[in-house]
Amino acid sequence: DISIQKSALQSDMIRLDGISVQQESIPEVSTPVNNYQAKDLEVNINPDNGAISSLKINRQDIPLSETGNGFLIRDVVSGSGYYAFEDDQTPLSCKLNLTITNEKNAIRLQGTLEDTSEQPRAMNLMYALPVDVLGGQWGDHVSQSRTIALPEDYHSWVQIGTGSNGQLSRYPYACVYNQDYGIALGIDMEKPCQWRFGYSSGAEMLYLSMDVALHPETLNFPSKAEFQIVLYPIDPEWGFRSATERY
């Protein structure tokens with residue numbers, strides 16, 4: 001006979017991007033900032049690594065979690081932990097080139113991840129938005145949402161058998177919301193990567209995880225991968241439907 005049981009996490013472990021990690025392994029980052037604004041959204045962001053130091057939606061200050069923030073990197077093959085991009089460093093021999101712009105209805109983060117080792121690499125680039133919405137909602141799709149509680153990793157994925165955990169998000173955007181506000185992340189599907197959205201209640205972050213392959217023999221962009229992300233507010237009354245409409 002076969003039985004399947006859900007194992008309990010150790011007290012110092014959380015679920016993030018479908019794997020168990022230690023909370024202390026998620027680095028926090030420094031916070032030099034520029035101010036960016038879109039309709040109903042104002043954000044102070046570190047222009048070098050995307051870390052957010054303040055967030056306003058409809059002029060309301062949104063509390064941020066003291067957890068991973070901005071772009072984080074890990075080496076899938078070696079099974080490394082997450083590293084932050086700080087002070088012109090190149091964690092895991094990777095360089096982040098980032099441009100942040102104001103759009104009418106969103107903040108756009110676009111850039112390039114570049115390997116400096118000149119070796120074939122399988123990397124996971126994550127964007128972490130540290131918002132605490134415990135008791136709020138994770139939007140699965142237009143007809144379903146789930147109440148966010150500890151210690152879960154919320155996502156809407158399909159199994160495709162490739163990438164760091166074999167999963168791909170059903171949609172190119174995701175949202176969390178409560179009765180006061182809602183926030184969404186979206187990705188440009190024209191930039192090749194395997195992407196996953198989720199909300200880790202243990203880490204208190206909405207995240208976008210991107211699996212990329214960096215190879216020096218790639219003809220048009222050797223050892224590089226481009227990405228483009230949007231951050232935008234949604235109407236919490238309509239949840240995922242609002243995220244879909246505004247995407």
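Criteria and cut-off values
- Residues numbered from 1 in each chain as written.
- Predicted model: local features only at pLDDT ≥ 70, side-chain atom pairs only at ≥ 80, totals over all residues.
- Heavy atoms only, no water.
- Helix = DSSP H or I, 4+ residues; strand = E, 2+ residues; numbered from the N terminus.
- Rg over C-alpha atoms; globule rule 2.2 N^0.38 Å.
- Buried < 20%, exposed > 50% of the residue type's maximum accessible area, 1.4 Å probe, protein only.
- Contact = heavy atoms within 4.5 Å.
- Areas by Shrake-Rupley, 256 points an atom, 1.4 Å probe, with all protein chains shown as cover.
- pLDDT = per-residue confidence, 0-100.
- Salt bridge = Lys/Arg side-chain N within 4 Å of Asp/Glu carboxyl O.
- Pairing = 2+ DSSP bridges.
- Phe/Tyr/Trp six-rings, centres within 6.5 Å; stacked < 30°, edge-to-face > 60°.

(A) Structural view of the overall build of the protein chain. Counting secondary structure elements, the protein chain contains one helix and 21 strands. Scaling as 2.2 N^0.38, a compact globule of 247 residues should have a C-alpha radius of gyration of about 18 Å, and the protein chain matches this with 17 Å. Viewed in the frame of its principal axes, the protein chain has a C-alpha envelope of about 60 × 50 × 30 Å. Going through the 247 residues of the protein chain one by one, you find that 48% of them count as buried. The long-range fraction of contacts in the protein chain, counting pairs at least 24 apart against all pairs at least 6 apart in sequence, stands at 61%. Surface summary for the protein chain: the accessible area is close to 12200 Å², and the carbon and sulfur share equals 44%.

(B) Main features of the confidence of the model for the protein chain. Averaged over every residue, the pLDDT of the protein chain is 91; residues scoring 70 or more account for 91%. Low pLDDT, under 50, characterises residues 1-9; the stretch is placed with five contacts to residues that sit more than four places away or in other chains.

(C) Fine view of the pattern of salt bridges. In this structure the tally under the stated criterion is seven salt bridges. We note a salt bridge from D17 to R196, for which the minimum N-O separation is 2.8 Å. Taken as a pair, D17 in the loop between β1 (13-16) and β2 (19-22) and R196 in strand β19 (residues 194-200) lie far apart in primary sequence, 179 residues in all. Residue D75 pairs with R121 through a salt bridge whose shortest N-O separation is 3.1 Å.

(D) Highlighting the sheet that holds strand β4 (residues 41-45). Spatial ordering of the open sheet is given by β3-β4-β5-β6, a layout of four strands whose pairing is antiparallel. The strands lining the two open edges of the sheet, one partner per strand, are β3 (34-38) and β6 (60-61). Here strand β5 (residues 52-57) pairs with β6 via two bridges, running antiparallel. What sits directly across from K56, in β6, is D61.

(E) View of the sheet that holds strand β14 (residues 153-154). Pairing is antiparallel in the open sheet, where six strands are placed in the order β8-β7-β11-β20-β19-β14. The open sheet is flanked by β8 (83-84) and β14, the only strands paired with a single partner.

(F) Layout of the packing of aromatic side chains. According to the stated counting rule, one finds six aromatic pairs in the structure shown. Measuring from centroid to centroid gives 5.1 Å for F71 and F227, while their planes differ by 45°, and the two rings are tilted. Of this pair, F71 sits in strand β7 (residues 70-75) while F227 sits in strand β21 (residues 224-234), and the two are 156 residues apart along the sequence. The burial state of F71 is the same as that of F227; both residues are buried. Ring geometry for Y173 and F240: centres 5.3 Å apart, planes at 35°, overall tilted. You can see Y173 sitting in strand β17 (residues 173-177) and its partner F240 sitting in helix α1 (residues 239-246), a full 67 residues away along the chain. Assessed through its relative accessible area of 9%, Y173 is described here as buried. With a relative accessible area of 3%, F240 lands in the buried category. Put simply, the rings of Y171, Y173, F240 and Y247 touch in pairs and so form one group of aromatic residues.

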